[in-house]
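Given next are the chains, with one letter for each unit.
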Amino acid sequence: MGYSKFINMKYSLLALMVCFLISCGEKTETVSTDEMIDLAELRQEIAIHITNDLILPAFQELNRKAASLNQAAVNFQQEANQDNLITLRAEHQEFWNIWQKTSLYYFGPSVNNGLRAGLNTYPTDADKIENNIATGTYQIGSLGNQDAEGLPALDYLLNSIEEISPLADFSEARLDYIQVLTSAIQTKVSASNDDWNKGVFVQQFTGTDATGTDVGSALGLIVNGIDLHFQRFVRDGKVAIPAGLRSAGVVRPQSVEVLYGNYSTALLRNALKAYQDYFNGTSLTRNDGPSILEYLRKIDQPDLADQINTHFTILLEKVDRLDPSIAQQIEIDNEALIEVFLSMQDLVAIFKSDMASVMGISITNQDNDGD
Amino acid sequence: MNRYYPTQLIPTAPLVHFRILFGLMMALSMVRFYHHGWIESLYIEPVYFFSYFESLAHPGTTGIYLLFLTAFLSALGIMLGLFYRWSAGLFFLSFTYIELIDKTNYLNHYYFVSLVAFVLIFLPAHRDFSLDTLRRPQLKRTTIHRWTTDLIKFQLALVYIFAGIAKLNPDWLFRAMPLKLWLPAQSHVPIIGPFLSYDITPFIFSWSGAIYDLFIVFFLLYRPTRWLAYLAVVGFHIATAMLFQIGIFPYVMIISTLIFFSPAIHEKVLNKIKKWTGFISANYPMTKNWGSWQKMKPFWMVFIIVQLILPLRFLAYPGHLFWTEQGYRFSWRVMLMEKAGYTTFTISDEMGKKTEWVNNRDYLTAQQEKMMSTQPDMILQFAHHLAETYKNKGYQNPIVRCQSRVTLNGTLSQPLVDPTVNLAAVNRDWKHKSWLLPFDPDFGRKSIPKK
């Protein structure tokens, strides 16, 4: 290489470096002006993303599944053979799993229609179910009949039978009752799906209510509703109560979500995964959008954002080590369940105090003076 | 001209205006309280109350409504100046009783209202433009002693200046906390919303808020700056009303600070109002010896000194004030920190068996749980209540332990209470709470750079 070429190289290298530095500088500048985002707008975008890409598709899927569950029950009613029973059981289990993806959005139309209570009241009352079948006198959808309806009731009807001759117990009355239950489920889910997808709630929810942080705002409803559901129906319902933590240490395996089938842990896992997806904004459609995680980063709380995901990971790992049936796990080693409970408490603390606190989400609408 | 300052004569008008506006505000606030359904949700629905004095029992459902009705009617009585001293006394007693029922509902401005109501009992605010002077014209006075309005100005000065002093802390000044969390959450508010997302805004608000609190009273007292200062008062409080859920406090302050205007202006305004309403009452010759100042002076001195000392009692305790809250209430620490927590309790019998995790919501409302979760005295009080409850459930000498995670001004949540301590065995007293864990201010936050 000649001397002049070497000089040229040095200069071109220098020029390259200068260009690189300038472009870096420009990038930093673009990043810093991006930092000045309108948080009100971001809150609205998050509300829209969660609604359009998580809530609405979940309800649409639930609706489809409710229809196919009912169809399977109708098929079984018309011809009570082994194949139809297997299909019906599969549909039931699948629906129950899909329900975990929708139940956490515990506000708005979900609460108004009594969807959760109609679908998933447990423990179910086996005697009441038998009585309903025998006498034929009951009122579907009434408060008094909730523990003889819904998915746990179907669990009893489909999964509590003798394996040796599984079809022997299915009298006509029983088949009718099963179909009545699935039909009721379909009606309720369809009504909720309509309310969510076609009703007026979403308009206001993603419109005027979406920019604020008070109790009635979109983020307020989401964060508070989700927190309530997590505490009452995931932590307490699925884990704490069966593990005896609310009953002086006396375990209550009869209070698990799935008593006769053996897949209660899978339901728990899917519920937790739904929470993680909600937090990370992992959509059910192909659309991307901002999430609560991003919001935390934007308000300068990256440690909190990471901690939440870490807690989810730890919790899911503990759940994965459980027996597929929580009732079984209680027999084997209740301590493992208590470990899961303690991990859940970590998450509740983070959702309820850390996250709500730094985001400025109100928990109540009382006057306050900062304390 | 009387040389002795406290008994110099000024027109009655400023006190009259204060009485009318204060009475009106209080009556409206009772209506507002009722309208929101807060009588029910705060005083009837709860099954347990964090009372200040066990002896001051909850008066029952009828009793509560009676208390509120009394407060409402006596506030009207204050406003109208009807059986004024009785009205003021009844308002003070009923309002204060209500506030003493549950620590959950403590607000600095309720404390302010109680103090002002108490002071008003002893002030001659009904001596003009009132129903009392209509039915008993001999009550009328065209002049009052200066100390009467000065006492009210002192009450206001107390609030502002101590609030300002409270803001002189590292979090407020150097981290712009908690405004750094609160302001971005309000970026949807009209007009000022867009400015709230800038990084510099919380610092501007924090510093100007502290300066405002510390000095506004002096600008109000100094005649040349008075009008400008009042403009600042209105602006400041309207801004806080738009940004925060603080109820009627801003409006109470806006009308109360009118007392700083000169008695001459007040007199002019009152005369116009009298003309407009056709209010005529005869002037009686002033009798001597109606000044209660000499008699009451020792009492007022003690009153003033106690109020100056009370906000400083936190100095008697170790630990971080915002964390341990020993001496936090009744100190004018308004909108000073963002604190949230998750506090749970486990109960075991004395052998450590039959462990149960308590569901707070079985005993407390959401609002009560929220307040209890971060305030150690309420935590201990609730722990004792749980111990009692579980004794009745058959637990011998129950052991009560607390798992408490609290975030303060944007830290990651840390344990507040030592989870190994049996709170049932801890006495509730004025001593330092040694069962609290220390606070790490840098946990999950950038440290303040040390110069």
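Here, every reference points to the structure presented above.
A brief structural summary. Numbers given to residues run from 1 along each chain, matching the order in which its sequence is written. All chains are assigned letters beginning at A, and all ligands numbers beginning at 1, according to the order in which they are written. Residue-level local features of this predicted model are given only where pLDDT is at least 70; pairs of side-chain atoms are given and counted only at 80 or more, and the full residue set underlies all totals for whole chains, interfaces and linings.

## Observations regarding the overall build of chain A
Step number 1: The helix and strand labels rest on DSSP assignments: H or I over at least four residues marks a helix, E over at least two residues marks a strand, and numbering proceeds from the N terminus. For chain A, the helix and strand inventory stands at 14 helices and zero strands.
Step number 2: Taken from N to C terminus, the helices and strands of chain A fall in the order α-α-α-α-α-α-α-α-α-α-α-α-α-α.
Step number 3: Residues are called buried when their C-beta atom has 20 or more other C-beta atoms within 10 Å, exposed when it has 12 or fewer, and partly exposed otherwise; all C-beta atoms are positioned from the backbone. Here chain A holds 371 residues, and 43% of them are scored as buried.
Step number 4: Here, residue contact means that the backbone-derived C-beta atoms of the two residues sit within 7 Å. When contacts within chain A are restricted to residue pairs at least 6 apart in sequence, those whose partners lie at least 24 apart make up 76%.

## What about the packing of helix α11 (residues 264–280) of chain A against helix α13 (residues 302–320) of chain A?
All names here are of chain A.
Step number 1: Where α11 contacts α13, the axes come no closer than 10 Å and their chain directions differ by 170°. By the angle between their axes, α11 is roughly antiparallel relative to α13. Contacts between α11 and α13 involve Thr 265, Leu 268, Arg 269, Leu 272, Gln 276 and Phe 279 from the first element and Ile 308, Phe 312, Leu 315, Leu 316 and Val 319 from the second.
Step number 2: Grouping the constituent residues of the contact of α11 with α13 by class yields eight nonpolar, two polar and one charged. Comment: axis = line fitted to C-alpha atoms, over the contacting stretch for helices; angle = value between 0 and 180 degrees taken between N-to-C directions. Put simply, angles under 35 degrees are roughly parallel, angles over 145 are roughly antiparallel, angles from 65 to 115 are roughly perpendicular, and the rest are oblique. Just so you know the grouping, Ala, Val, Leu, Ile, Met, Phe, Trp, Tyr, Cys and Pro go in nonpolar, Asp, Glu, Lys and Arg go in charged, and all remaining residues, Gly too, go in polar.

## Description of unusual backbone geometry
Step number 1: Across the junction of Tyr 122 of chain A and Pro 123 of chain A, the peptide omega takes the value 0°, indicating a cis bond.
Step number 2: Examined against the element boundaries, Pro 123 of chain A turns out to sit in the loop between α5 (115–120) and α6 (126–135).
Step number 3: The omega angle of the peptide bond from Met 177 of chain B to Pro 178 of chain B is 5°, so this bond is cis rather than trans.
Step number 4: Mapped onto the elements of the fold, Pro 178 of chain B is located in the loop between α8 (170–174) and α9 (179–182).
Step number 5: Positive phi is not limited to glycine here, since Ala 176 of chain B has a value of about 50°.
Step number 6: Within the secondary structure, Ala 176 of chain B sits in the loop between α8 and α9.
Step number 7: On the basis of neighbour counts, which here come to 21 C-beta atoms within 10 Å, the residue Ala 176 of chain B falls in the buried class.

## Observations regarding the sheet that holds strand β3 (residues 339–348) of chain B
Step number 1: At least two DSSP bridges between two strands are required for those strands to pair. Strand order in the open sheet formed by four strands is β4-β3-β5-β6 (chain B), and the pairing between neighbours is antiparallel. Looking at the sheet topology across the chains shown, the edges are occupied by β4 (356–357) and β6 (414–415) of chain B.
Step number 2: As paired strands, strand β5 (residues 399–408) of chain B and β6 of chain B are joined by two bridges and run antiparallel to one another. Its bridge partner being in β6 of chain B, Arg 405 of chain B is matched across the sheet by Pro 415 of chain B.
Step number 3: The strands that helix α14 (residues 326–359) of chain A touches are β3 and β5 of chain B; relative to β3 of chain B, the one it contacts most, it runs at about 155°.

## A look at the packing of helix α1 (residues 13–35) of chain B against helix α3 (residues 60–80) of chain B
Residue and element names in this part refer to chain B.
Step number 1: Running from N to C, α1 and α3 cross one another at 155°; their axes reach a closest spacing of 7 Å. Classified by the angle between their axes, α1 and α3 sit roughly antiparallel to one another. Crossing geometry of α1 relative to α3 is assigned as left-handed. In contact with Arg 19, Ile 20, Phe 22, Gly 23, Leu 24, Met 26, Ala 27, Met 30 and Tyr 34 of α1, α3 contributes Phe 68, Ala 71, Phe 72, Ala 75, Leu 76, Ile 78 and Met 79. Left-handed describes a crossing whose near helix is turned anticlockwise from the far helix by less than a right angle; the clockwise case is right-handed.

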